[in-house]
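Here is what each chain is made of, one letter per residue.
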Amino acid sequence: MTERKPPGMSFESWAERQIREAQERGAFDDLPGAGKPLPDLDRPFSTERWVVDWARREGLETEPMLPEPLLLRKEIERLPDAVRDLESEEEVKAVVRDLNRRIAVWIRRPSGPRVVVAPVDQDRVVEQWRASRRTDPGRPAAPPDRTATGATPTRRRRWWNRPFRRHPR
């Protein structure tokens, strides 16, 4: 425990005296990293960088620290891998519906940086899923699709793909 600062002595001179006495005792000898330059002294300090560096040192993931639109974009990029092991089209569609719901919520009330995040085309993801199942020999064949039976699927326009109507003035 350090001694208390005597009255009448400036804080700076008292602190300097404490450091000098610790050096004389050898308290600073053989510290880890002694003689090595401090890392990242050329980069300006920011709290975000400090938090990310701390998380990496502690072995924590930094991805949950990202803003919502960037998390959504990362999830969109990983979607084909995420649905690859699912067993049915309905499961794939449920995953895509959930992701599109969260994207729609973010579009209605955006927060964070302005990043373009568009809903995912459910039919395209299902087609990619089918293609990945056809190319993987260890998987059973995908369930038959409705178009093979002669039924023609009607494609509805999504609300985000509808053209804006202009009213004449």
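Residues numbered from 1 in each chain as written. Predicted model: local features only at pLDDT ≥ 70, side-chain atom pairs only at ≥ 80, totals over all residues. Heavy atoms only, no water.

## Overview of the overall build of the protein
The cut-off we apply is this: To qualify as a helix, a DSSP run of H or I must reach at least 4 residues; to qualify as a strand, a run of E must reach at least 2; elements of each kind are numbered from the N terminus. Using a 1.4 Å probe on the protein chains alone, a residue whose accessible area is under 20% of its type maximum counts as buried, one over 50% counts as exposed, and one in between counts as partly exposed. Computed with a 1.4 Å probe, the accessible areas rest on the Shrake-Rupley method; for each residue, only the protein chains presented here act as cover.
Helix and strand counts for the protein come out as five helices and zero strands. Reading the protein from its N end, one meets helices and strands in the order α-α-α-α-α. Burial analysis of the protein (169 residues in total) assigns 18% to the buried set. Here the protein displays about 14300 Å² of accessible surface, and carbon together with sulfur accounts for 54% of that area.

## Some words on helix H4 (residues 89-108)
Put simply, the test is: Multiplying one less than the number of residues by 1.5 Å gives the expected span of a helix. Of all possible arcs, the one meant is that of the directions from the helix axis to the C-beta atoms. Throughout, a residue-residue contact means that at least one pair of heavy atoms, one from each residue, lies within 4.5 Å.
In this model H4 runs 28 Å from its N-terminal to its C-terminal C-alpha over 20 residues, within 8% of the 28 Å that 1.5 Å per residue would give. Taken residue by residue, H4 has Glu89, Val92, Lys93, Val96, Leu99, Asn100, Ile103, Ala104 and Trp106 as its buried positions. End-on view of H4: buried residues confined to an arc of 155°, all on one side of the axis. Tucked inside the fold, the buried residues of H4 contact helix H3 (68-83) and helix H5 (122-135).

## A look at the environment of Asp85
On the secondary structure map, Asp85 appears in the loop between H3 and H4. Taking C-alpha positions, Asp85 is 9.6 Å from Ser132, a pair spaced 47 residues apart along the chain.

## Some thoughts on the nonpolar core
Which entries qualify depends on this criterion: Nonpolar core, defined: a set of buried Ala, Val, Leu, Ile, Met, Phe, Trp, Tyr and Cys residues in which side-chain atoms within 4.5 Å join the residues together.
In terms of nonpolar packing, the biggest core is built from 15 residues, with Leu79, Val83, Val92, Val120 and Val125 touching the most fellow members. Elements represented by at least two residues in this core include exactly H3, H4 and H5. For this core, the element with the most residues is H4, which contributes five residues.

## Quick notes on unusual backbone geometry
Unusually for a residue other than glycine, Asp30 sits at a positive phi of about 60°. Along the chain, Asp30 turns up in the loop between helix H1 (11-25) and helix H2 (47-58).

## Regarding the pattern of salt bridges
Operational definition: Each reported salt bridge corresponds to a side-chain nitrogen of Lys or Arg within 4 Å of a carboxyl oxygen of Asp or Glu.
Applying the stated criterion to the full structure yields eleven salt bridges. Two residues, Glu89 and Arg130, come together in a salt bridge whose shortest N-O distance is 2.6 Å. Taken as a pair, Glu89 in helix H4 and Arg130 in helix H5 lie far apart in primary sequence, 41 residues in all. Each member of the pair, Glu89 as well as Arg130, carries the same accessibility label: buried. A salt bridge links Arg101 to Asp98; the nearest nitrogen and oxygen atoms lie 2.8 Å apart. On the criterion of helical spacing, the pair formed by Arg101 and Asp98 is a turn pair, its members being three residues apart in helix H4. Arg101 sits in the partly exposed class, given a relative accessible area of 48%. What makes Asp98 partly exposed here is its relative accessible area of 32%. Linked through salt bridges whose partners overlap, the residues forming this network are Glu75, Asp98, Arg101 and Arg102.

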